[in-house]
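Listed below are the residues making up each chain.
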Amino acid sequence: MRHPSTSPYARALGARIRLLDPPTQSYFAAIPDGHVGIGEGVFDRVGTRRRWLARLLRPLQRRGILVAGWHTDVPFRIENRTVAGRAIAERTLTLPQGEWVMRDAVALKPHGRLVDELGEPPLLAVSFDVDVEAGAMRLTSRAVGMRLGRLRPRLSGWLAPRVRLREGLEADSDRQCIELTIDMPLLGRVYEYGGTFTYRIEQES
């Protein structure tokens, strides 16, 4: 069944979406046709603290997936749209060397999990379980796949990097708070970002 005008997050949560804080419900709801959701804020940290890993991440930065290096107090802007039942996001970060753009598309697959495709063109696909925790959205990865030419290698179980994302209302504030971490087997924390932002929905100009 197609859901061209609904959010994949809302379909994944079902009735549990009512457990989200109202501003978080609004963030993960479908964007009406002709409108865009705009978030503006600051990441207090983004990237990896490991210098040797930063060099390895440069190809992923060029593909618009991860930031190579470690940065603090990074202004960012996100634009959200709902297109054919998918959540399309474009994040623009103002790094010291200039603006960097990350694009991804989230869809709900028949197995009931969210799949986030990252890169331009898509290079990585991360499958997530979705839950609600104290009014916030929590995503936890189950598997990570790659597109390498005709090959589609997939990592799951203990071999896979563990991606965790939490987004909800900041305590005693009207701002949204987002935290993402990526941990690798044996290596531990290899990537993260976190910050706060305001969010609004407005008509496309």
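This text goes with the structure placed above it.
Residues numbered from 1 in each chain as written. Predicted model: local features only at pLDDT ≥ 70, side-chain atom pairs only at ≥ 80, totals over all residues. Heavy atoms only, no water.

Draft legend 1. Inspection of the overall build of the protein chain at higher detail. If you tally the helices and strands in the protein chain, you get three helices and twelve strands. The principal-axis extents of the C-alpha atoms in the protein chain amount to approximately 40 × 35 × 35 Å. The proportion of buried residues among the 205 residues of the protein chain is 46%. Contacts in the protein chain between residues at least 24 apart in sequence constitute 51% of all its contacts with a sequence separation of at least 6. (Helix = DSSP H or I, 4+ residues; strand = E, 2+ residues; numbered from the N terminus. Buried < 20%, exposed > 50% of the residue type's maximum accessible area, 1.4 Å probe, protein only. Contact = heavy atoms within 4.5 Å.)

Draft legend 2. Fine view of the layout of surface pockets. Taken as a whole, the second largest pocket holds about 290 Å³ of empty space. What lines the second largest pocket is a set of 18 residues, among which V115, A125, V144, G145 and R154 lie closest to the centre. For the lining of the second largest pocket, the elements supplying multiple residues, two or more each, are β6 (114–118), β7 (124–133) and β8 (136–146). For the lining of the second largest pocket, the per-class residue count stands at ten nonpolar, three polar and five charged. (1 Å grid on protein atoms, 1.4 Å probe; cavity = no way out; pocket = protein on both sides within 12 Å on 5 of 7 lines; lining within 4 Å. Points joined across faces, edges and corners; volume = space filled by probe spheres on them. Nonpolar A, V, L, I, M, F, W, Y, C, P; charged D, E, K, R; others polar.)

Draft legend 3. Here's a closer look at the nonpolar core. If you look at the biggest cluster of nonpolar residues, it comprises 48 residues, and the most contacted ones within it are L93 and Y191. Excluding its chain neighbours within four sequence positions, the residues that come into contact with Y191 are V46, G47, T48, L57, L66, V67, L180, T181 and I182. (Core = buried A, V, L, I, M, F, W, Y, C linked by side-chain atoms within 4.5 Å.)

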